[in-house]
Each structure stands twice: as structure tokens, then as C-alpha cells.
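Inside the fold
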Amino acid sequence: MEVVASKGKPRGISGQYPLVQNMTVTEGGTVNMTCRVEYNDNTSLQWSNPAQQTLFFGDKKALRDNRIELMHASWSELTISISDVTLTDEGMYTCSLFTMPVRTAKAYLTVLGVPEKPEIDGLTKPALEGDQITLTCMTQGSKPAADLRWFRNEKEVKGAKEVNASGKTFTVRSSLQLHVDRNDDGVAYTCKVDHVALAQTPQQATEVLEVHYAPHVKIINSLVVPQEGQYLKLECMSKGNPSPDPVMWTKDGGELPDLDRMIVEGRELTFTSLNKTDNGTYRCEASNHLGTSSAEYVLYVYDVPTTLPPSTTLPLHPIPPDPTAQLGTHDPTVTGNRDPNAIGQHGTDHALIGGVVAVVVFVTLCLIIVLGRYLARHKGTYLTNEAKGADDAPDADTAIINAEGNHAHAEEKKEYFI
């Protein structure tokens, strides 16, 4: 294991004073403890453990511990190695320089407790949709106390942490409460340990939730406007856990009438060649031990459109096909009363306007004929009272003068006709 040197300044001063350094090591690792002097007049150096037991006096081993070995011994340095470090090795180590008086320096050895691999408890397999469950993650042996983090797939979620001391180490628990639904089915929940001793080898545990839930069904059709003679496929999409296989197809509340043209394969209902007898409401139903779900598709088979010869004029009142007349997976009570061949509201308005225009044209023609006949009947010559007796007069002026009752004003009553 890698040894981490503390950031504290070396103890002691220059001259005949020992210089040491605080050290940090992970449990199970190896650490070197070094004591140096800048000036030494052949005086011995000694290392002692926290229990004040002498480990090495110069190059002489004093404590029978196979884990402790001499690395370097001279008048200016004494370095020892401690392998397979345990938590009991933690404490204050002393380097002594046997002058008069004896001079010492102390270095603290910190041992990091490695947390154990976490375990997740509380998972019910399978869980039911709507259940309230609590996942608990626990790790032991950490020093200092470890931190636990939860992840739902790759996204971090917050849990409730609890720390308990157990001797020199800590036991850490973290709980996560879940109200499970179908969206949790197949989701991986991971508990990860964060600790200074696990910088290179993180510890984690993962559990995958299995959630059982009632099925949900919908129907997908392959044609937008089904017409006679066409191939149609209806697919019953059912999602549930456990998987609701097989599914059941019915027509108008009863069995399928023509199994030669209506083929059921798994979740699919196929019509090899549509005709008008296929009109009706088709239901797909799926079940598992948690419930039943169904969906309906109202089928109306349209006539095949006839091909008309090309025309040089546009139709007066074109009636576009009504796409809303296509029946799909919806409430049959709404679509069942719709007449797909009915004329739309715009077609009715155009017909009414055309009728009014025709009536106006007809009335206008009648008035022109009547007025013409009237003018023809009153065409000719008209005589005034002053013109009576013109037959006996030799000329027009004499006739006017001789008219009855007009002699007094003969000049005034002359009329000329061109």
C-alpha cells in the first residue's frame, strides 16, 4: 500500500537534534519511519513504538516482531520499515538521540481503516407497483467514517446516513426510501463507498429492481384509410410484468368470424383482403395476475375510388375526402355514429349558393320576356281627338282646323307626327 506523508513540518532543529515526520498508511500497507540528525558525535539513535517498547537501537533489533525491519542505520540516520500495518500500530512513535541529556522527536503514525465492500438489504424481489420499500446500504471497518452515496442508474439520489463507532473503526449505514412504480422495473440502484483509503479501488454494490405491474394495451394499425381488397395488420402492444402473453382478439364482443382471412399470430391480427363485412369493433385484451387491460379499434372499410376521365374544368363543388372519418383506436361510441360518406358542411353551403344564383337568373329571364312581349303589343299609330275628321280634309292642316271643339284654337292644337 502507498504511504502518504503528512504535511506537518519536520520536528527538531539543526544540530544534535533528531528530525522525524508524521506518516499516514492504509491498513495492511507498509510504512517507513525515518529519524535523521544533521550533526552527530557518534551517538546512537533509537526508535520506540507507542507503547514505549524499543524497536531498534542503532542497527540492533530489540522487539521480536517480524513485521518490523531495519532499512538503514548510520550515525546520521535510522530508518525502519513496518509492514502489514494494523490499526493497533497507530500512535506516537519516538526517535531518541542518546546525548546528555537525551534528545527526542515524536512522529505520529495514522492508520486508515479500509471500509468493507458495502451490502444492500431490504430489496423485495419482485416488488409490486405501489409498494413502499426501503433499501439499506452498510459498510464496516472504515477509519475515518466512510461516506455512502446512492445512484439510480447513473443519477445520484440522496439517502439518509447513520454512523456508529465500533472500537477504532466505524460502521456506516445509508437508507433510501422508494415508492416503486412500473418506471422502476429494471432500474439499477447502486451504493458507492467514498473513503480516502479507496482512492484507487472504489467499493460499491448494485441491485436491480424487478417490479410487477398490471398490463397496459394499445392497438397500432398499418393503414390510415383501409379500402376493400387491401392488406391490414393490427398489432396489440401490451406492456406489463409478468408479460401478458398471449393476447385475445374479438370482434363486436364475439369471436372472429372469418379465420381464413383474419389470421392471429402472437399479438398481431392480419386481414389478407379487406371487404365490407369486416366493418366492426375489434378488441384486444391482455391479462396477468395483477389485472386486465384492453383496447378497441373501430374498422370501416372504404370503397375503392373509381378513376374518372380527365376534365378541362374543375368541379363546381369539390368535396375532399374527410380524413377524420378514418376510424382508429378510440371510443367506438364516438366513431360509430359517423357516416363516412356524408357531405361535409362546406359542400352544403356551396349547393345552397348555387341554387340561389339559379333562381335569380331564372327570374331575370322571365322579366325580360314579359317586358318584350308588352312592348311588342303596344307598337302602332295613335290618333288624338284633334285628328278626328281627317278623312274629309284635303290636307293635315285642314283636318286639324275642322276637328270637333277645336276651331277656336286651331293654330294652337296642331300636332305633327314624324
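It should be emphasised that the depicted structure is a prediction, and the values quoted were computed from it without experimental measurement.

A word on the state of the cysteines
Counted by the stated rule, this structure contains three disulfides. Between the sulfur atoms of C35 and its disulfide mate C95 the distance is 1.8 Å. Judged by the sign of its S-S torsion, about -80°, the cystine formed by C35 and C95 is left-handed. In this pair, C35 sits in strand β3 (residues 31-36) while C95 sits in strand β9 (residues 91-97), placing the two residues 60 residues apart along the sequence. Under the relative-accessibility criterion, C35 is labelled buried at 0%. Here C236 engages in a disulfide with C284; their sulfurs sit 1.7 Å apart. Negative torsions about the S-S bond denote left-handed disulfides, and the value of about -75° found for C236 with C284 makes this one left-handed. You can see C236 sitting in strand β21 (residues 232-241) and its partner C284 sitting in strand β25 (residues 280-288), a full 48 residues away along the chain. The pair C236 / C284 is uniform in exposure class, with both members buried. Disulfide connectivity for the chain, with bonded cysteines indexed by sequence position, reads 1-2, 3-4, 5-6.

Here's the deal with the sheet that holds strand β18 (residues 188-194)
Across the sheet, four strands lie side by side as β15-β14-β18-β19; this open sheet has antiparallel pairing. Either end of the sheet is taken by a strand with one partner, and the two such strands are β15 (155-157) and β19 (203-208). For this sheet, the mean inter-axis angle between neighbouring strands, taken without regard to orientation, is 30°. Relative to β15, strand β14 (residues 147-152) runs antiparallel, the two being bridged by three bridges. Across the sheet, residue R152 finds its bridge partner in β15, namely K155.

Quick word on the packing of aromatic side chains
Counted according to the given criterion, the structure contains three aromatic pairs. Between F57 and F98 the ring centres are 5.3 Å apart and the planes differ by 65°, which places this aromatic pair in the edge-to-face class. A residue pair is termed long-range when its members are at least 10 positions apart, and F57 in strand β5 (residues 54-57) and F98 in the loop between β9 and β10 (103-112) qualify at 41 residues. A residue is classified by how much of its surface remains accessible, and F57, at 35% relative accessible area, is partly exposed. What makes F98 partly exposed here is its relative accessible area of 36%. With a centroid separation of 5.2 Å and an interplanar angle of 90°, the aromatic rings of F271 and Y282 are classed as edge-to-face.

Digging into the sheet that holds strand β26 (residues 291-299)
In any sheet, the strands associate via hydrogen bonds between backbone groups, in a parallel or an antiparallel arrangement. Spatially, three strands are ordered β22-β25-β26 in an open sheet, and the strand pairing comes out antiparallel. Of all strands in the sheet, those bounded by a partner on one side alone are β22 (248-251) and β26. Here the average twist between neighbouring strands, direction ignored, is 20°. Two strands pair when backbone bridges link them, and β25 and β26 are joined in this way by nine bridges, in the antiparallel orientation. Looking at β26, one finds that C284 is bridged to A295.

Thoughts on the confidence of the model for the chain
Residues with a pLDDT of 70 or more make up 76% of the chain, whose mean pLDDT is 80. In the predicted structure, residues 1-14 sits below a pLDDT of 50 and forms 31 contacts with residues beyond four places in sequence or in another chain. In the predicted structure, residues 404-418 sits below a pLDDT of 50 and forms 18 contacts with residues beyond four places in sequence or in another chain.

Re the pattern of salt bridges
Counted according to the given criterion, the structure contains 16 salt bridges. In this structure, E296 and R283 form a salt bridge, with 2.6 Å as the shortest nitrogen-oxygen distance. Highlighted residues: E296 in strand β26 and R283 in strand β25, separated in sequence by 13 residues. Put simply, D65, R67 and D89 are held in one network by salt bridges that share partners.

Concerning a nonpolar patch on the surface
Taken together, the side chains of I353, V357, V361, L365 and I368 present a nonpolar region at the surface, about 480 Å² in accessible area. Mapped onto the fold, V357 is located in helix α2 (residues 345-377). What makes V357 partly exposed here is its relative accessible area of 48%.

Quick word on the environment of L232
Tracing the chain through its elements places L232 in strand β21. Spatially, the C-alpha atom of L232 lies 8.4 Å from that of L269, the residues being 37 residues apart in sequence. Residue contacts for L232: discarding those within four places in its chain leaves S222, L223, L269, T270, F271, L274 and L299.

Reading guide: rules and limits
- Residues numbered from 1 in each chain as written.
- Predicted model: local features only at pLDDT ≥ 70, side-chain atom pairs only at ≥ 80, totals over all residues.
- Heavy atoms only, no water.
- Disulfide = S-S within 2.5 Å.
- Helix = DSSP H or I, 4+ residues; strand = E, 2+ residues; numbered from the N terminus.
- Buried < 20%, exposed > 50% of the residue type's maximum accessible area, 1.4 Å probe, protein only.
- Pairing = 2+ DSSP bridges.
- Axes fitted to C-alpha atoms, helices over the stretch in contact; angles between N-to-C directions.
- Phe/Tyr/Trp six-rings, centres within 6.5 Å; stacked < 30°, edge-to-face > 60°.
- pLDDT = per-residue confidence, 0-100.
- Contact = heavy atoms within 4.5 Å.
- Salt bridge = Lys/Arg side-chain N within 4 Å of Asp/Glu carboxyl O.
- Patch = residues over 30% accessible without salt bridge, like charges linked within 9 Å, V, L, I, M, F, W, Y side chains within 5 Å.
- Areas by Shrake-Rupley, 256 points an atom, 1.4 Å probe, with all protein chains shown as cover.

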